[in-house]
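Single-letter residue listing:
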Amino acid sequence: MTSSAEKIGSALGKAVKSTVAKWKEGEPAPVMYRTNLRDVPKVEGLKRDDGWVDMQVQFLIDKKTAGADHVVGWTVLKPGARHENHRHHNCDEFFIVLKGHGMIYTEHGDKPSVEGDVVYSPRGCWHGFNNTSNEDVVLVWGWMGAGSIEASGYEVHPEIHK
């Protein structure tokens, strides 16, 4: 059985190989992109009906800002905030719980998730996070294989948690 860390490493490895292959085909050499949390605006217009419940989301790296075919994001979930059960048809997702704890939505029901957890959801796998605690939860996360929410094939579960 492959661990979550091995799956994340494999997906990141594929992304690097793809970039190197393009570079060898004569495309311009890649240019580093750098930003800072303080300089990245929170995503506006995330709708509760689309599963984004009281979340503070920042897309730190994506197609628009860095020309990337992946997304690296930062999310703060205040107590009671959640990202409803959803999936991405076109990309894999991972997240790391940097602070706090709550419940993750899995194919086997809700499971506890705590600081230090690394969670990997391959494309098509239903997943989500619910801050059931009295403190903020901070997640760093990424989509591997899509540089925007539109490209990710985002779909909220038809029977979302209400």
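I will try to describe carefully the structure that is included in this document. This structure is a prediction, so every number in the text was calculated from the model and none was measured.

Turning our eyes to something else, we now look at the nonpolar core. Generally speaking, nonpolar side chains in soluble globular proteins are found buried as a group. L77, F95, F129, L139 and W141 are the most contacted members of the largest nonpolar core, which totals 18 residues. Elements represented by at least two residues in this core include exactly strand 1 (52-61), strand 2 (70-88), strand 3 (92-99) and strand 8 (137-144). Discounting chain neighbours no more than four positions away, the residues touching F95 are I104, D117, V118, V119, F129, L139, V140 and W141.

Every other side chain in a regular strand lies on the same face of the sheet, so the side chains alternate between the two faces. Strand direction decides the pairing type here: strand 4 (residues 101-106) and strand 5 (residues 109-114), joined by 6 bridges, are antiparallel. Each residue of the ladder has a partner; that of G102, found in strand 5, is S113. The hairpin turn running from strand 4 into strand 5, its antiparallel successor, is 2 residues long.

So, about the environment of A66. Considering the arrangement of structural elements, one finds A66 in helix 2 (residues 63-66). Along the backbone, A66 and M32 are 34 residues apart, and their C-alpha atoms lie at a distance of 8.5 Å. Once residues lying within four places of it in the same chain are set aside, the contact partners of A66 are Y33 and I61.

The rules behind the values
Counting starts from 1 at the beginning of each chain's written sequence and moves along it residue by residue. Reporting in this predicted model follows two pLDDT cut-offs: at least 70 for local features of residues, and 80 or more for side-chain atom pairs to be given and counted; totals over whole chains, interfaces and linings ignore these cut-offs and use all residues. The basis for every side-chain value is the complete set of heavy atoms in the structure, and neither hydrogens nor water enter the calculation. Residues belong to one nonpolar core when they are buried, are Ala, Val, Leu, Ile, Met, Phe, Trp, Tyr or Cys, and are joined through side-chain atoms within 4.5 Å. Relative accessibility under 20% of the residue-type maximum defines a buried residue, over 50% an exposed one, and the middle range a partly exposed one, all with a 1.4 Å probe and only protein chains included. Working definition: helices are DSSP H or I runs of at least four residues, strands are E runs of at least two. Numbering for both runs from the N terminus. The criterion used for residue contact is that any of the two residues' heavy atoms lie within 4.5 Å. A pair of strands is labelled paired if DSSP reports no fewer than 2 bridges between them.

Interpretation note: all reported values are geometric properties and have no functional meaning in isolation.
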